[in-house]
Structure formats: structure tokens, C-alpha cells
Amino acid sequence: MSAVAAPVHDGARTTARPELDARIARVTAVAEQHLAAADRDAVFPVLALDELRDTGLLGLVVPTRYGGLGGGLRDVVDAGIALGRCDMSTALIFTMHCQQVAAAVEFAAPPLRDELLPVLGAGRTYLASVSTESGKGGHLYSARAALHRSGAELRIDRFAPVVTGGAHADGFLITMKNADATADNDVALVYASRDQLTVETAGEWQPMGMRATGSAPLKLSGSVPGGQLVGADVPFRDIANRVLGPYAHLGWSASWLGTAAGALSRVLGLVRGPDGRKRFDLGSELLLTRLSTARQRLDAVHAQIRHTLLMLETAPDITAPPCQLLLNGLKLSASEQCLAAVDDLVDAVGLQHGYLKNSPTRLEQNLRDLRSAALNYKNDRLHLADGRLALLDREVSFV
């Protein structure tokens, strides 16, 4: 396999758009019913996950020959936006699951591929990502805990401070240092089903926002066959650059955009409704300018998402500095602009509907949720990486 990363191509969409939209609508309807309680109590949206299973959406990016829906990254983005309009936690849970499945689809080799992909394609198996470690955060290109070989088995002994949905996952993709590796950047990706591991919750999840993601710390231990390495013959950096990075930045950005778009839609419904017309002055310069800036921010993020998708589908080498700068820039822009858009809306509608928990606009929750966006792979770290990439693109090329 070439070390040069190929573009990310969407699979042919065998699921018709209306059918996909109908599946997503079923999930959002369930999530909406339990949204307030899930946020209040920091409870994982189990019923929404059940609906993701029942609709087969957990198999969205698995090729049809393995029983999946045959979708691609564009479908994940569209689903992330739609789910985010209702609940950012559910959107993040789903898009991060798709990231893990896409890695298995692209890099799992036989016999693991032939065993795992039909299971994933059936759409009932939820995968969680185990990539965080104490002392390194979510840095993807390094690992500290090492695999240990015992005959044909690989021994896993892993603590992760943040695992989205880990207590509810049916399987895990785990980053670890390769067995006998001497450097932290010698990373392996290993699949383990839940029944192959002892999974212990190692702390609470009581965050400011994205409270329903259930991202509590986990301790995982157990043994798996050596054949459960994913991409064993591929440098892990290729796996990260070709699948994990693009799916993360686009999936997160779609979820954040959906969250902010849902907030704007609810505000517009409020101010244009019969009661709102009595309460709000639709000619107010403050209201109109804040609505304008919020919409401008969201249109810019949406355009950047679509342009980044096109780049991933068509660029001959997505690891080239201009491509990586565009991909990373999407994450930076979306995390900042979606939060800023909701902040604009708080100003637009004031204390009662912008700041209080019981407002139908849900701006208070959306603001808390979106404050996490800059911390999901911290923006400061990404800016450092982009500064180094910028030094390599003296011509300031655009893609």
C-alpha cells in the first residue's frame, strides 16, 4: 500500500435520499422525547441508540455486499447535521461510531474483514473509539500503553480518560503502542468486541455540555487474537490521515453546525410566532444584526464543509499541506463559529429566551454543548500543527 494517502471516495449511495432522511427522522423523534432528561441527568440516550440500531443506520458506511447501507462520508455529514439540529450528543455519538466503522471497512484484512463487516453491516453493533490517554489527551499519532503478545494472542490493558458511549458500546477500536515498540509513535489499532474484554467504568461524567455522550473514563483489559489488528501492514499515520482525521473533523463539524442551525431555527420560530410578534420588535437593529451574523456564520461553515468534502473526494494526495490546512481549518472554524452564532442568538432574544433553561429555544443547552467544540482535540494544538503546515506551503496554495 502506498504511503501517499488517496482521496476519500464516497461509496455509491444505494439508499435513496428520502429513505435515509426517513431513518434519521425516526432517530431524532426518539431523541427529542428524552432530550431534557438526558441533559439534566447526564444520561446516555439509550433509546436513541436503540432506534439507530432498529433503522440500520449504524451500518450506514458499510458496503452493501456486507449487508450495510453503502453510504459514504457525505451521508455521515448530512446525518450529523440533521441529528445535531435536535441533539448534539446523539449526533456526536453517531458520527464518531461511523468514523470507527469506516476505519474497519477501509483497513480490516481477512479474516477479520469477513467476520466483522457483516456484523457491522447489520446495523446493530455500536463501536466506540478508545484513543485518549492520560498525559497525551486525544493526540492521535501516539500511544503509551503497549500491546503484549502471548503466543497468538494480544493482551490489552488500557485506561482511557474519555470514551464516548463506552459503557454502551458493543465493540471498540483501541489505539495502543505496538507490541515490542520503542517509540510512542509506533501505534497499532486493534478491534475488540465487548465480550473479549473486561470493561470497567473508572469515573463519572458530569460535564458542562454534551452531557448525554456518556464519555466517562474506562479501564479495559483482555486478550484478542492477533488477527484483530486493523491495518497491521499500514502505517497508523495513513489510517489517521485517510479515515480517522477526515471523519472526525467533518463529523464533529456537521454535528456542531446542526446544533447551531437548530438553535437559529427555534429562535426564528419564536420571534415570528404570534406571541413572539407581540414580544419582539422585528425591526430592532440588535435583533436583525444578530440574526444576520448568526446566519452568516452558519452559511460559511456549511460552505466550508461542502468544499472540504469535495477536496477529500478529488485531491490526488489529501496529506499535502494545503489539503490538511483546509481539513484542520474546517474544525477550527466550525468549533468557533457555531458557538459564536449561538452566542449571537443569546444577545438577540435576551435573558428569558437566551439564558434560561426552560426556554423553547434551548440556547442555554446549545451554548454549553458547543463550548466543548474547541476542546475536542484542542484548537490550540491544531493551530500549532497548522502553523508548521503553513511553513511548508510557501506559495499559499488553495484546493
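Residues numbered from 1 in each chain as written. Predicted model: local features only at pLDDT ≥ 70, side-chain atom pairs only at ≥ 80, totals over all residues. Heavy atoms only, no water.

S.K.: So, the overall build of the protein: which residues are in play, and what are the values?
M.R.: When helices and strands are counted, the protein shows 11 helices and 7 strands. In terms of C-alpha radius of gyration, the protein reaches 21 Å, essentially the compact-globule figure of 21 Å for 399 residues. Dimensions of the protein, computed from C-alpha atoms along their principal axes, come out at roughly 75 × 50 × 45 Å. Buried positions account for 57% of the 399 residues belonging to the protein. Here the analysis covers contacts within the protein between residues at least 6 apart in sequence; of these, 77% occur between residues at least 24 apart. Surface exposure of the protein reaches about 16800 Å², of which carbon and sulfur atoms provide 54%. Placing the 40 positive and 43 negative side-chain charges of the protein at their respective mean positions leaves the two points 3 Å apart. (Helix = DSSP H or I, 4+ residues; strand = E, 2+ residues; numbered from the N terminus. Rg over C-alpha atoms; globule rule 2.2 N^0.38 Å. Buried < 20%, exposed > 50% of the residue type's maximum accessible area, 1.4 Å probe, protein only. Contact = heavy atoms within 4.5 Å. Areas by Shrake-Rupley, 256 points an atom, 1.4 Å probe, with all protein chains shown as cover. Lys, Arg positive; Asp, Glu negative; His and termini not counted. Charge placed at Lys NZ, Arg CZ, Asp CG, Glu CD.)

S.K.: Summarise the sheet that holds strand β1 (residues 127-130); cite the residues concerned and give the values.
M.R.: Whenever strands of a sheet pair, they do so through backbone hydrogen bonds, lying parallel or antiparallel. Taking strand neighbours across the sheet as the criterion, the 3 strands line up as β1-β4-β5 in an open arrangement whose pairing is mixed. The sheet is open, and its two borders are formed by β1 and β5 (187-193), each paired with just one other strand. Shown here is a sheet whose adjacent strand axes are inclined to one another by a mean of 20 degrees, direction ignored. Bridging between strand β4 (residues 171-177) and β5 involves 7 bridges; their strand directions are antiparallel. Looking at the pairing, Leu173 lines up with Tyr191 of β5. Strands in contact with helix α4 (residues 88-107) are β1, β4 and β5; relative to β1, the strand with the most contacts, it is inclined by about 85 degrees. (Pairing = 2+ DSSP bridges. Axes fitted to C-alpha atoms, helices over the stretch in contact; angles between N-to-C directions.)

S.K.: Tell me about the packing of aromatic side chains, and name the residues and values.
M.R.: Where two aromatic rings form a pair, the distance of their centres and the angle of their planes describe that pair. One pass over the full model with this rule turns up 2 aromatic pairs. Over the face of the ring belonging to Tyr141 we find Arg237, whose NZ or CZ atom lies 3.9 Å from the ring centre. The positively charged end of Arg279 is found above the aromatic ring belonging to Phe280, 5.7 Å away from the centroid. (Phe/Tyr/Trp six-rings, centres within 6.5 Å; stacked < 30°, edge-to-face > 60°. Lys NZ or Arg CZ within 6 Å of the ring centre and 35° of its normal.)

S.K.: Tell me what's going on with the side chain of Asp344, and back it up with residues and numbers.
M.R.: Here Asp344 shows up in helix α9 (residues 321-354). In this structure, Asp344 is in contact with Arg290, Thr293, Ala294 and Arg297, ignoring residues within four places of it in sequence.

S.K.: Give a description of the sheet that holds strand β3 (residues 153-160) that names residues and reports values.
M.R.: With respect to topology, 4 strands assemble into an open sheet ordered β2-β3-β7-β6, the strand pairing being antiparallel. Looking at strand neighbours, the two that pair on one side only are β2 (148-150) and β6 (197-201), the edges of this open sheet. Each strand of the sheet is rotated relative to its neighbour by a mean of 15 degrees, with strand direction disregarded. By the bridge criterion, 8 bridges tie β3 to strand β7 (residues 218-225) in an arrangement that is antiparallel. For Ala160, the partnering residue across the bridge sits in β7 and is Leu218.

S.K.: I'd like a description of the pattern of salt bridges, backed by residues and values.
M.R.: For the coordinates displayed, the defined rule picks out 18 salt bridges. We note a salt bridge from Arg40 to Asp41, for which the minimum N-O separation is 3.1 Å. You can call Asp41 partly exposed: its relative accessible area is 38%. The residue Arg53 makes a salt bridge to Asp170 at a minimum N-O spacing of 2.7 Å. (Salt bridge = Lys/Arg side-chain N within 4 Å of Asp/Glu carboxyl O.)

S.K.: Help me get a handle on the environment of Gly121, residues and values and all.
M.R.: Mapping Gly121 onto the fold places it in helix α5 (residues 112-121). The spatial distance from the C-alpha of Gly121 to the C-alpha of Tyr66 is 5.7 Å, given a sequence separation of 55 residues. Those residues in contact with Gly121 that lie beyond four places of it in its chain are Gly59, Val62, Tyr66, Gly67 and Gly68.

S.K.: Any chance you could break down the nonpolar core for me, citing the residues and the numbers?
M.R.: Counting residues in hydrophobic clusters, the biggest one holds 117 residues, and the most contacted among them are Phe94, Leu147, Ile156, Phe172, Ile174 and Trp256. Counting residues per element, this core draws most heavily on helix α6 (residues 236-272), which supplies 19 residues. Excluding its chain neighbours within four sequence positions, the residues that come into contact with Leu147 are Leu154, Arg155, Ile156, Met176, Lys177, Ala179, Ala188, Val190 and Leu229. (Core = buried A, V, L, I, M, F, W, Y, C linked by side-chain atoms within 4.5 Å.)

S.K.: I'd love a proper account of the state of the cysteines, names of residues and values included.
M.R.: Throughout the structure, instances matching the rule amount to 0 disulfides. Free cysteine: Cys98, not disulfide-bonded; nearest cysteine sulfur from Cys86 at 17 Å. (Disulfide = S-S within 2.5 Å.)

S.K.: Could you give an account of a nonpolar patch on the surface, naming the residues involved and the relevant values?
M.R.: Residues Leu351, Tyr355 and Leu356 make up a contiguous nonpolar surface patch of roughly 340 Å² in combined accessible area. Its place among the elements puts Leu356 in the loop between α9 and α10 (363-371). (Patch = residues over 30% accessible without salt bridge, like charges linked within 9 Å, V, L, I, M, F, W, Y side chains within 5 Å.)

S.K.: Describe the environment of Ile81, and please don't skip the residues or the numbers.
M.R.: With respect to the helices and strands, the residue Ile81 is situated in helix α3 (residues 73-86). Assessed through its relative accessible area of 11%, Ile81 is described here as buried. Apart from the residues within four sequence positions on either side, Ile81 is in contact with Ala254, Leu257, Gly258 and Arg306.

S.K.: Quick rundown of helix α8 (residues 285-314)? Include the residues and the values.
M.R.: Taking 1.5 Å per residue, 30 residues should reach 44 Å; α8 reaches 43 Å between its end C-alpha atoms and fits that length. Among all positions of α8, only Leu287, Leu291, Ala294, Leu298, Val301, Ile305, Thr308, Leu309, Met311, Leu312 and Glu313 are buried. Those residues of α8 hidden inside the fold are in contact with α3, α6 and α9. Measuring from the backbone nitrogen of Leu286 back to the side-chain oxygen at the start of α8 gives 3.3 Å, which picks out Ser284 as the cap. (Expected span 1.5 Å × (residues − 1). Polar contact = N/O pair within 3.5 Å; in protein donor to acceptor, adjacent residues only side chain to side chain.)

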